[in-house]
Structures are given as structure tokens and as C-alpha cells.
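Here are the chains, one letter per residue:
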Amino acid sequence: MKLLKPFTEADSPRWLLSFDFDGTLVDPDEDPAVSADFFELMKEMRSAHKSCWGINTGRSLMQAVQGLIDARFPILPDYIIAREREIYLPNKFGRWVGNEDWNKRCEREHHKLFRQCRKVLKGLKQWVEDETAAVWGIQKEEPAGIVASTASEMDMIVRKIDGEIESKTSLSYQRNGIYLRFSHKHFHKGTAMLEVARLMGLSKQHAFAVGDSHNDLDMLDPEMAEMLACPANACPEVKLQVARVGGYVATRKASRGVVDALRAHFADKK
């Protein structure tokens with residue numbers, strides 16, 4: 001994989017493109033998993049619109065990089081947002097380097113939040129284990145998460161969580177299908193995308209976001225990006241939100257729908 005020509009201060013980007021990975025760009029049922037048209041369009045967007053593009057995913061950095069390899073990406077993105085909140089930029093050798101200020105602040109605030117919410121998380125853990133078939137997961141980097149047995153069970157669990165955390169002003173969660181991780185409400189795909197935009201000297205008025213699942217809803221918000229879209233395979237809640245705010249709901253799946261959305265949004269942009 002190689003980087004497109006990096007931006008310099010004299011040739012700064014004009015647009016920020018933010019793409020969810022699984023389901024939005026990558027369709028494992030297709031071969032190739034990502035349409036070649038997408039990569040050609042990224043080159044065209046760089047030339048015609050001075051756009052930078054990145055992956056905004058719930059995967060860890062290592063999982064995201066492996067995903068790029070598995071999906072045979074011929075070019076590297078300009079940035080990766082991992083675990084829905086951590087920002088990484090490539091150095092001149094193509095190695096991914098964390099944005100120290102943002103990532104440390106994010107980690108610090110999450111540790112503080114989970115200490116403050118120990119009691120409510122303990123109660124939710126007990127309820128999940130007693131009343132559902134879901135699994136409560138604890139890992140080094142994820143002190144609280146849930147894997148449901150079905151999507152409908154996760155719907156029920158989310159309703160319970162919403163009622164329990166309503167008064168906990170900073171406690172939130174990120175859901176992707178049957179998976180859920182608890183998180184700080186101020187650190188998510190949308191706010192991380194805005195921070196990348198700030199680092200690039202851009203604002204939400206020059207940001208485009210596209211996603212397909214529940215954990216994309218935070219960035220599929222007019223407060224986060226001016227231009228919003230989703231592919232045809234997006235979940236109903238995502239399609240509803242994108243349509244409600246006047247975004248583009250594609251008629252094709254995954255990266256092919258992304259290409260259609262980009263061409264529609266930028267058709268009249270100079």
C-alpha cells in the first residue's frame with residue numbers, strides 16, 4: 001500500500017471524507033470487497049477537490065490495518081479513527097502514529113468516567129448475566145462491553161441501558177449489531193472526525209461522513225458534518241436519520257453506494 005501525495009501547508013485540504021469500514025466500504029460477499037471505482041474516485045477527489053479521506057471504525061488500530069491488508073487497499077487513507085475515538089495519522093514511512101494530545105485526553109476521561117460509574121456498570125453487569133443470554137465482556141482496553149445473542153436481544157438491552165444511564169451525563173455506549181461498548185459521550189466517531197478536521201484546518205462545513213450501523217449515528221449528524229450519506233445495506237435507524245436530515249441514501253451496497261453518494265454530493269462542487 002502507498003500514500004497519496006500528502007498535503008503540505010501550501011496545499012492544504014479543502015474537504016474531509018470520513019468512511020466507516022465494515023459494511024460501508026468493505027462488503028465481504030463481493031470480490032473485490034471494495035470496488036476499484038472507490039480508489040479511483042479517491043484519486044480523483046484528491047486532484048479535483050483537494051480532499052483527504054480516512055477510515056472511522058470501531059476496530060482497534062491493529063484490526064483496522066489488518067482490514068486494509070485483507071481488503072487489498074492499494075492506497076493508504078490519510079487518517080484512521082480507531083475504536084470509534086482514537087486518532088492516528090501516518091508518518092512519512094507510512095507507520096500509524098497516535099495523536100498524542102487527543103488520544104491521551106480521551107484515555108484519561110474514559111478512566112475517570114468508568115471509576116465514577118462503577119456502581120451503575122456493576123448493576124448492569126448483574127442484570128445482563130441474570131436476565132439475558134448475552135455475555136458481559138471485560139478486556140484491558142474495554143472495561144465494560146456486551147455481546148448479545150441476537151440483534152433483538154441487544155435492542156432490549158439497549159432499552160434497559162438507556163433507562164439506567166439517563167442521569168449519568170457522560171456515560172454512553174457504542175453499538176454495532178450485537179456488540180456494545182460503553183464509552184464517554186463526548187468521545188465518539190463524530191467528535192473524533194471534527195478533531196481530525198480541525199487538525200487539517202477544516203470545519204464541519206467541509207466534512208462528508210458515511211456509515212451503515214448504529215455506531216455511525218454520532219457522525220451522521222448535521223452538527224458533525226455538512227454532508228451525510230449511507231449505503232443501501234445500512235440499518236433502518238441509519239437510513240431514517242440520514243433521510244431525515246436530507247442526506248443521501250444510496251441504492252447500491254457498501255463501497256458502490258459510497259461512490260454514488262460522493263458523485264452526487266460533489267457533482268456541483270468546484
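Before any of the text, the structure's been laid out above.
What you see is a predicted model; the values in this text were computed from it and never measured.

### Quick word on unusual backbone geometry
Alright, step 1. A cis geometry characterises the amide bond from Asp-31 onward to Pro-32, with omega recorded as 5°.
Alright, step 2. By the secondary structure assignment, Pro-32 is in the loop between strand E2 (15-19) and helix H1 (36-49).
Alright, step 3. The backbone of Ala-254 shows a phi angle near 45°, a positive value even though the residue is not glycine.
Alright, step 4. With respect to the secondary-structure elements, Ala-254 resides in helix H8 (residues 254-266).

### Observations regarding the environment of Asp-20
Alright, step 1. Looking at the element boundaries, Asp-20 is found in the loop between E2 and H1.
Alright, step 2. The class for Asp-20 is buried, based on a relative accessible area of 4%.
Alright, step 3. Remark: the alpha-carbon pair of Asp-20 and Arg-85, spanning 65 residues in sequence, is separated by 12 Å.
Alright, step 4. With sequence-adjacent residues up to four places away left out, Asp-20 is seen in contact with Leu-25, Asn-56, Thr-57, Lys-189, Val-210, Gly-211, Asp-212, Asp-216 and Met-219.
Alright, step 5. Among the polar contacts listed, one links the side chain of Asp-20 to the side chain of Thr-24, at a separation of 2.9 Å.
Alright, step 6. At 3.0 Å, the side chain of Asp-20 forms a polar contact with the side chain of Lys-189.

### With respect to the pattern of salt bridges
Alright, step 1. Counted according to the given criterion, the structure contains 17 salt bridges.
Alright, step 2. Among the salt bridges present, the one from Arg-181 reaches Glu-84, with a minimum N-O distance of 2.4 Å. Highlighted residues: Arg-181 in strand E11 (residues 179-184) and Glu-84 in the loop between strand E5 (79-82) and strand E6 (86-90), separated in sequence by 97 residues. The pair Arg-181 / Glu-84 is uniform in exposure class, with both members buried.
Alright, step 3. The network of salt bridges with common partners includes Asp-20, Lys-189 and Asp-216.

### Regarding the pairing of E5
Alright, step 1. Burial along E5 is two-sided: the residues Tyr-79 and Ile-81 and Ile-80 and Ala-82 are all buried.
Alright, step 2. In this antiparallel pair of consecutive strands, E5 and E6, the connection spans three residues, and Arg-83 shows a positive phi of 50°.

### Quick look at the packing of aromatic side chains
Alright, step 1. Counted according to the given criterion, the structure contains 12 aromatic pairs.
Alright, step 2. These aromatic residues form a ring-pair network of at least three members: Trp-15, Phe-19, Phe-21, Phe-38, Phe-39, Trp-53, Phe-73, Phe-208 and Phe-266.

### A short note on the sheet that holds strand E8 (residues 135-137)
Alright, step 1. If you walk across this open sheet you meet the four strands as E8-E9-E11-E10, and the pairing is antiparallel. Bordering the open sheet on either side are E8 and strand E10 (171-176), each of which pairs with just one other strand. When the angles between neighbouring strand axes are averaged without regard to direction, this sheet yields 25°.
Alright, step 2. Taken strand by strand, helix H3 (residues 100-116) contacts E10 and E11, and its axis lies near 100° from that of E11.
Alright, step 3. Across the sheet, helix H4 (residues 118-131) is in contact with E8, strand E9 (145-147), E10 and E11; its angle to E8 comes to roughly 150°.

### Details of the environment of Thr-169
Alright, step 1. Within the element layout of this structure, Thr-169 appears in the loop between helix H5 (151-165) and E10.
Alright, step 2. With 15 residues separating them in the primary sequence, Thr-169 and His-184 have C-alpha atoms 9.2 Å apart.

### Quick look at a nonpolar patch on the surface
Alright, step 1. A cluster of nonpolar side chains, contributed by Val-135, Val-147 and Tyr-179, occupies part of the molecular surface with about 280 Å² of accessible area.
Alright, step 2. Mapping Val-147 onto the fold places it in strand E9.

### A look at H5
Count 3.6 residues to each turn of an α-helix, and residues three or four apart come out pointing the same way.
Alright, step 1. End to end, H5 covers 21 Å across 15 residues, agreeing with the expected 21 Å (1.5 Å per residue, within 8%).
Alright, step 2. Looking at H5, one finds that the buried residues are Glu-153, Met-154, Ile-157, Val-158, Ile-161 and Ile-165. All buried residues of H5 fall inside an arc of 140° around its axis, so they share one side. Counted as exposed and oriented over 90 degrees from the buried face of H5: Ser-152, Arg-159 and Gly-163.

### A look at the packing of H4 against H5
Alright, step 1. Put simply, H4 and H5 touch, their axes get as near as 11 Å, and they point 155° apart. Judged by the inter-axis angle, H4 sits roughly antiparallel to H5. As H4 runs across H5, the sense of the crossing is right-handed. Contact residues: H4 offers Val-120, Leu-124 and Trp-127, while H5 offers Met-156, Ile-157, Lys-160, Ile-161, Glu-164 and Ile-165.

Conventions we followed
Residues numbered from 1 in each chain as written. Predicted model: local features only at pLDDT ≥ 70, side-chain atom pairs only at ≥ 80, totals over all residues. Heavy atoms only, no water. Helix = DSSP H or I, 4+ residues; strand = E, 2+ residues; numbered from the N terminus. Buried < 20%, exposed > 50% of the residue type's maximum accessible area, 1.4 Å probe, protein only. Contact = heavy atoms within 4.5 Å. Polar contact = N/O pair within 3.5 Å; in protein donor to acceptor, adjacent residues only side chain to side chain. Salt bridge = Lys/Arg side-chain N within 4 Å of Asp/Glu carboxyl O. Pairing = 2+ DSSP bridges. Phe/Tyr/Trp six-rings, centres within 6.5 Å; stacked < 30°, edge-to-face > 60°. Axes fitted to C-alpha atoms, helices over the stretch in contact; angles between N-to-C directions. Patch = residues over 30% accessible without salt bridge, like charges linked within 9 Å, V, L, I, M, F, W, Y side chains within 5 Å. Areas by Shrake-Rupley, 256 points an atom, 1.4 Å probe, with all protein chains shown as cover. Expected span 1.5 Å × (residues − 1). Arc of directions from axis to C-beta. Parallel < 35°, antiparallel > 145°, perpendicular 65-115°, else oblique. Left-handed = near helix turned anticlockwise from the far one by under 90°.

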